[in-house]
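Residue-level listing of the chains:
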Amino acid sequence: LLLYLVPLPARDIAIKKTEDGRTLLLFSTTYFNKGLGALELRGDLSTTTLDLQTPREVVQRIYRTGGEYRDMGVGNFSWHAEHSHYHFNAFIEYDLEAVDAPQHEDLSGSRIKGTFCVRDVSKVDLELHNRAAEAAYLKCDNNLQGVSVGWGDTYYYNYPNQNIDISNLSSGTYRMKFIVNPELHLQELDYNNNTSGVLFLVDMKKGTVEVLEETPKDLPRVEHVHLEIP
C-alpha cells in the first residue's frame, strides 16, 4: 500500500523587508498523500540514542493489505532548533527561476533543499479508497512521523525559514517550483506528480507579487485542520 505525494503550488506569496535590509519572498507549502497507504516514517530501532539532538536513521514503513509490513532506510530525523522539533531531511526542494526579468538572473544554483516535520495538518477533499477520516500523525518527534491517505502537511509563510532571499533580484516574472521527494528516497506509487509550480510577477520597488499561473491547475480543496505548531 504505497503513498503518492502531490505538492500544491506555492500559496500566500508575499514580499517582506527585514530590519537588516534584506528582501524575502514568503510562501506557504502544502503537499498531500493521494496514495493507497500512509507515508509512515519511523526512527530505526537500531539507532536509538539517549542524545535526542543526534540525527537518527529513519525507515519508511510500507504496509501490505493483511497488516504485514516492510521497512526500508530513507534518511534521517534531525533536531530543528528554530521550530523546536524534529524534521525529516531533504524532503522537498524549492527551485526559483527567472522567466522574464530585465537582467535575466541566472538562478540555476538557487535550489534549496527543505526539511519538514511530516504530519497530518490539512484535510484534502478527494474520494480515495483508503482515506483516513481522522488525522493519525500529529507529532514531530524522532520516533514516528507521517501523512495519512487523504491528508496533507502545510508549512505556512510565517514559519521560520519559510522564505527565499531575493534581495539581489530585479522586478520581473519568475517561476517557483516545489519538488517533493526530490531524491526519490521514498517509495511511491508514482513520481509523475511530484512537482508543482507558480508563475508570478514581482515589483521590487512596490514590494508586491502578482500570481499569473499555477501548475497543476485542477487541484482539490484543502481544509487546514491542525493549525497548531507541534
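Throughout this description, residue numbers start from 1 for each chain and increase along the sequence as written. Selection of residues for local features in this predicted model requires a pLDDT of at least 70, selection of side-chain atom pairs for listing and counting requires 80 or more, and totals for whole chains, interfaces and linings are taken over all residues. Think of the side-chain values as coming from all heavy atoms in the structure, minus any hydrogens and water.

Things to note about the environment of His87
- Helix and strand assignments come from DSSP, with helices taken as H or I runs of at least 4 residues and strands as E runs of at least 2, each series counted from the N terminus. Counting through the fold element by element, His87 comes out in strand 7 (residues 85-100).
- Along the backbone, His87 and Tyr174 are 87 residues apart, and their C-alpha atoms lie at a distance of 29 Å.
- Side-chain atoms alone can form a polar contact between residues adjacent in sequence; in general such a contact is a pair of N or O atoms within 3.5 Å, and within protein one must be able to donate a hydrogen while the other accepts it. Side chain to side chain, His87 and Tyr155 meet in a polar contact 3.1 Å long.

Looking at the layout of surface pockets
- In this model, the largest pocket occupies a volume close to 180 Å³.
- With a 1 Å grid laid over protein atoms only, a set of points is called a cavity when a 1.4 Å probe fits there but cannot get out and a pocket when it is open yet has protein on both sides within 12 Å along at least five of seven lines; lining residues have an atom within 4 Å of a point. Contributing to the lining of the largest pocket are 16 residues, with Tyr94, Gly114, Thr115, Asn161 and Gln162 lying nearest its centre.
- Of all the elements in the fold, those that place two or more residues in the lining of the largest pocket are strand 7, strand 8 (112-116) and strand 12 (163-165).
- Charged means Asp, Glu, Lys or Arg here, nonpolar means Ala, Val, Leu, Ile, Met, Phe, Trp, Tyr, Cys or Pro, and polar covers whatever is left, Gly included. Looking at side-chain class alone, the lining of the largest pocket contains seven nonpolar, eight polar and one charged residues. Grid points are joined across faces, edges and corners, and a volume is the space filled by probe spheres set on the points.

Some points on the environment of Leu126
- Relative to the helices and strands, Leu126 resides in the loop between strand 9 (122-124) and strand 10 (144-147).
- Overall, the relative accessible area of 23% leaves Leu126 in the partly exposed class.
- Residues Leu126 and Phe116, 10 residues apart in the sequence, show an inter-C-alpha distance of 23 Å. Categorising residues by exposure relies on relative accessible area from a 1.4 Å probe, with only protein chains included: less than 20% of the type maximum marks a residue as buried, more than 50% marks it as exposed, and the intermediate range marks it as partly exposed.

Some remarks on a nonpolar patch on the surface
- Patch membership requires over 30% relative accessible area and the absence of a salt bridge. Like charges are linked within 9 Å, and nonpolar side chains (Val, Leu, Ile, Met, Phe, Trp, Tyr) within 5 Å. Each accessible area is a Shrake-Rupley result for a 1.4 Å probe, and residues are judged covered by the shown protein chains and nothing else. The term salt bridge refers to a side-chain nitrogen of Lys or Arg lying within 4 Å of a carboxyl oxygen of Asp or Glu. Residues Leu1, Leu36 and Leu189 make up a contiguous nonpolar surface patch of about 230 Å² in total accessible area.
- The residue Leu1 is located in the segment before strand 1 (5-7) in this model.
- According to the relative accessible area criterion, Leu1 is partly exposed, its value standing at 36%.

Points about the pattern of salt bridges
- As enumerated under the stated definition, the model contains seven salt bridges in all.
- Salt-bridge contacts for Asp71 lead to Arg61; the nearest nitrogen and oxygen are separated by 2.9 Å. Of this pair, Asp71 sits in strand 6 (residues 69-80) while Arg61 sits in strand 5 (residues 56-63), placing them 10 residues apart in sequence.
- The class for Asp71 is partly exposed, based on a relative accessible area of 37%.
- Between Glu97 and Arg175 there is a salt bridge whose closest N-O contact spans 3.1 Å. In this pair, Glu97 sits in strand 7 while Arg175 sits in strand 13 (residues 172-180), placing the two residues 78 residues apart along the sequence.
- Looking at Glu97, the relative accessible area reads 26%, which means it is partly exposed.
- Connected through salt bridges with shared partners, the residues Asp20, Arg22 and Asp165 form a single ionic network.

Some words on the nonpolar core
- By size, the foremost hydrophobic cluster in this structure holds 43 residues, and its most contacted members are Phe91 and Met176.
- Put simply, the parts of the chain that give this core at least two residues each are strand 2 (11-17), strand 3 (23-33), strand 4 (39-43), strand 6, strand 7, strand 11 (151-155), strand 13 and strand 14 (195-203).
- Among the elements that line this core, the one with the most residues is strand 7, at six residues.
- Contacts: residue pairs with any heavy atoms within 4.5 Å of one another. Once you skip the residues sitting within four places of it in the chain, Met176 turns out to touch Ala10, Leu25, Phe27, Asp95, Leu96, Ile164, Ser196, Gly197, Val198 and Phe200. Joining through side-chain atoms within 4.5 Å is the link that ties buried Ala, Val, Leu, Ile, Met, Phe, Trp, Tyr and Cys residues into a set, and such a set is a nonpolar core.

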